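# Close look at the chain arrangement
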Amino acid sequence: MKKLDCGSVDCTQVVSQLWDYLDGELTEERMRDIQTHLTACAGCFPHFDFERAFLKALAATRKEDRMPGVLRARIMEKLREAGCEGLTSP
Ligand SMILES: [Zn+2]
């Protein structure tokens, strides 16, 4: 099982907290950790970009709604496909 070096924060943690990050609901330190990871991790950044764009579009129609767990799970799945979590077997 290989794992990409994505910095101090695990890809799984980043994705699971990405919504909170985008909402600005994390501590400053945590925000920084995730931001650092996102800029360093080629696997997570596209997801961040996607989610940011998605949230932006969503905010246009709904104000204070959270993503359903289903969507979150789908993103986790995509990350796994990208091998970022090191959970994929080739
Ligand atoms: Zn990552």
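Everything here concerns the structure above.
For the structure given in this document, a descriptive report is provided here. (Residues numbered from 1 in each chain as written. Predicted model: local features only at pLDDT ≥ 70, side-chain atom pairs only at ≥ 80, totals over all residues.)

Bringing helix 1 (residues 11–23) into the picture now. Between its first and last C-alpha atoms helix 1 spans 18 Å; for 13 residues at 1.5 Å apiece the expected length is 18 Å, and the two agree. A bend of about 50° at Gln 17 is the largest found in helix 1. Buried within helix 1 are the following residues: Cys 11, Val 14, Val 15, Leu 18 and Tyr 21. Once helix 1 finishes, Gly 24 follows within two positions and takes phi at roughly 70°, a positive value. (Helix = DSSP H or I, 4+ residues; strand = E, 2+ residues; numbered from the N terminus. Expected span 1.5 Å × (residues − 1). Bend = angle between axes of the 7 residues up to and from the residue. Buried ≥ 20, exposed ≤ 12 C-beta atoms within 10 Å, placed from the backbone.)

Attention now goes to helix 2 (residues 28–40). Because an α-helix packs 3.6 residues into every turn, residues spaced three or four apart end up facing the same way. An ideal rise of 1.5 Å per residue puts 18 Å on 13 residues; helix 2 measures up with 18 Å between its terminal C-alpha atoms. Within the span of helix 2, buried status applies to Ile 34, His 37 and Leu 38. All buried residues of helix 2 project into a common sector of 100° when viewed along the axis, lining one side. Opposite the buried face of helix 2, at more than 90 degrees from it, the exposed residues are Glu 28, Glu 29, Arg 32 and Thr 39. (Arc of directions from axis to C-beta.)

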